[in-house]
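# Coordinate inspection notes
Chain by chain, the residues run as shown.
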Amino acid sequence: MKGEINSIPVFVIAAESSSFSQAAEKLYVTRSAVAKTISRLEQRLGITLFNRTTRSQSLTDEGLLYYEFCRRALNEIKMAEDILEGGKLQVSGKLRVSVPVLLGHLCISPLLSALAKEHPKLELEISFSDRQVDLSEEGFDLAVRIGALPDSSSLIAKNLTSHSMIFCASPDYFRQAGEPISLEELEQHEAIAYIHSGRILKWQVKNERGEISEINPPARLMMDDMQAIKDAAIMGGGIAWLPYWLVREQLASGSLKEILKEYSSASWPIYAVWLRTPRLPLKVRFAIDKLVSELPGMMDVIEAQI
């Protein structure tokens, strides 16, 4: 059993190296020792972990899956050792986080600020922007993003929760233009569209069969800030598709009115995103854990009135 456990760090180092020779240098052993350890591990598991040629090596699909689990296991062991060694573990250093502007102000910033208060040695820097930042190029440890994510081999994402989207406009707008009662009528009205990364965000709607589809909002007004879209909707500029958490106070006061409830039940996922790394820094892990444990409950309270 001891030999089986000892083979895991060797396998992880080999997976993160360009060759067995490079792995041997990191481990201060011979290349032959690395190769024999990997061979015994493959024999025990009954699978091939590496695609090997005279010029290169790469993980097989089974090897990649095994690597992900082994890497996480080693990270957990290291964290446990840190906790045992330091008593109550205190996070330190600067944590740079990119968050969407409005969701960041309402939900993310309070949670991360509470984390910083719990760990006095942690320096917290939050950047509020709806732009999709490059974590590696811009030096961010963590980002919170809304909506579907593109495939990336350099990033890891964790689903935190989701939020509901609704159609709404001011009572004055409906008095002048009428209130749509179907998706066909919705497309005949004036919309206030959200622009993200230079493109108009399509509205997601649920049809009579409960299927989610997308429509292009018939927009004359287009903005890249949801607060501005909300303000324009209150002023009678048209129909907007906005997060419930952003407009709940205006719905309660009557300055905005929700429409087409049966069609607008689509929800958007909220993710934490960070760089793929052999060992996740504790400050990032603690931030992720804070968001995972508390953001869903916060969102449930906000949307309880729907």
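Preceding this paragraph is the structure being described.
So, here's what we can say about the structure. Throughout, residues of each chain are indexed from 1 in the direction in which the sequence is written. Totals for whole chains, interfaces and linings use all residues, but because this is a predicted model, local features are given only for residues with pLDDT of at least 70 and pairs of side-chain atoms are given and counted only at 80 or more. Side-chain metrics rest on all non-hydrogen atoms present in the structure, leaving aside hydrogens and water.

## Remarks on the overall build of the chain
Threshold: Only DSSP runs of H or I reaching four residues or more are called helices, and only runs of E reaching two or more are called strands; each is numbered from the N terminus. Each radius of gyration reported is based on C-alpha atoms, and the globular scaling rule is 2.2 Å times the count of residues to the power 0.38. We call a residue buried when its accessible area falls under 20% of the maximum for its residue type, exposed when it is over 50%, and partly exposed in between, using a 1.4 Å probe and counting protein chains only. Here, two residues are considered to be in contact whenever any of their heavy atoms come within 4.5 Å of each other. Only the protein chains shown count as covering a residue, and every accessible area follows the Shrake-Rupley method with a 1.4 Å probe. Counted charges follow a simple rule, with Lys and Arg positive, Asp and Glu negative, and His plus the chain ends left uncounted. A charge is said to be at NZ when it belongs to Lys, at CZ for Arg, at CG for Asp and at CD for Glu.
Helices and strands together make up the secondary structure of the chain, namely 11 helices and 14 strands. Compactness check: the chain gives a C-alpha radius of gyration of 25 Å against a globular reference of 19 Å for 306 residues, more than 25% above the reference. With the principal axes as the frame, the chain shows a C-alpha extent of 80 × 45 × 30 Å. Classification of the 306 residues of the chain by burial places 41% in the buried group. Contacts in the chain between residues at least 24 apart in sequence constitute 73% of all its contacts with a sequence separation of at least 6. Within the structure as shown, the chain displays about 16600 Å² of accessible surface, and the carbon and sulfur contribution to it stands at 51%. Side chains of the chain carry 34 positive and 39 negative charges; the gap between the two charge centres is 8 Å.

## Points about the pairing of strand β6 (residues 155-169)
Operational definition: The criterion for strand pairing is that DSSP finds at least two bridges linking the strands in question.
Taken together, the nine bridges between β6 and strand β14 (residues 267-275) define a ladder with antiparallel strand orientation. Bridged to Ile156 within β14 is Trp274. As paired strands, β6 and strand β13 (residues 257-259) are joined by three bridges and run antiparallel to one another. Within β13, the position partnered with Ala169 by the bridge is Lys257.

## Here we look at the sheet that holds strand β7 (residues 191-196)
Taken in spatial order, the three strands make up an open sheet running β8-β7-β11, and their pairing is mixed. The open sheet has two free edges, formed respectively by β8 (199-200) and β11 (219-223), since each of these has just one partner strand. With two bridges connecting them, β7 and β8 associate as antiparallel partners. Directly across from Ile195, in β8, lies its bridge partner Ile200.

## Observations concerning the nonpolar core
Here is the rule we go by: In these notes, a set of buried Ala, Val, Leu, Ile, Met, Phe, Trp, Tyr and Cys residues joined through side-chain atoms within 4.5 Å is what counts as a nonpolar core.
If you look at the biggest cluster of nonpolar residues, it comprises 40 residues, and the most contacted ones within it are Ile108, Leu142, Leu242, Leu291 and Leu295. A total of seven residues in this core trace back to one element, the largest contributor, which is helix α5 (residues 101-118). With residues near it in sequence (within four places) discarded, Leu295 still touches Cys107, Ile108, Leu111, Leu160, Thr161, Ile270 and Lys290. Formed by 17 residues, the second largest nonpolar core is a distinct cluster that contains Met165, Ala169, Ile239 and Trp241.

## So, unusual backbone geometry
Notably, Tyr28 is not glycine yet its phi reads approximately 60°, a positive angle. Topologically, Tyr28 is positioned in the loop between α2 (20-27) and α3 (31-45). Of the residues examined, Tyr28 reaches a relative accessible area of 77% and is grouped as exposed. The phi angle at Leu260 is positive, at roughly 50°, despite the residue not being glycine. Along the chain, Leu260 turns up in the loop between β13 and β14.

## A few points about the pattern of salt bridges
Put simply, the rule reads: When a carboxyl oxygen of Asp or Glu lies within 4 Å of a side-chain nitrogen of Lys or Arg, that pair is called a salt bridge.
Overall, the coordinates contain 13 salt bridges when judged by the stated rule. Here Lys283 and Asp141 are joined by a salt bridge, their closest N and O atoms 4.0 Å apart. Note that Lys283 is positioned in helix α11 (residues 282-302) and Asp141 in the loop between α6 (135-138) and β5 (142-146), a separation of 142 residues in sequence. For Lys283, a relative accessible area of 18% puts it in the buried group. Several salt bridges converge on common partners, so that one network encompasses Lys94, Arg96 and Glu125.

## Thoughts on helix α9 (residues 226-234)
Where we set the bar: Along the arc lie the directions from the helix axis toward the C-beta atoms. Two N or O atoms form a polar contact when they lie within 3.5 Å of each other; inside protein one atom must be a possible hydrogen donor and the other a possible acceptor, and for residues adjacent in sequence the pair counts only when both atoms belong to side chains.
All buried positions along α9 are accounted for by Met226, Ile229, Lys230, Ala232 and Ala233. Down the axis, α9 shows its buried residues gathered within 165° of arc, on one side only. Where α9 begins, the side chain of Asp225 points an oxygen toward the backbone nitrogen of Gln227, at a separation of 3.0 Å. Of the residues trailing α9, Gly236 is marked for its positive phi of about 90°.

## Things to note about α3
How we decide: To estimate how far a helix should reach, multiply one less than its number of residues by 1.5 Å.
Over its 15 residues, α3 runs 21 Å from end to end, which matches the ideal 21 Å to within 8%, given 1.5 Å per residue. Buried within α3 we find Val34, Thr37, Ile38, Leu41 and Glu42. Down the axis of α3, the buried side of the element spans an arc of 135°, and every buried residue falls inside it. With respect to the buried face of α3, the exposed residues turned more than 90 degrees away are Arg40 and Gln43. Backbone geometry just downstream of α3 places Gly46 in the positive-phi region, at approximately 75°.

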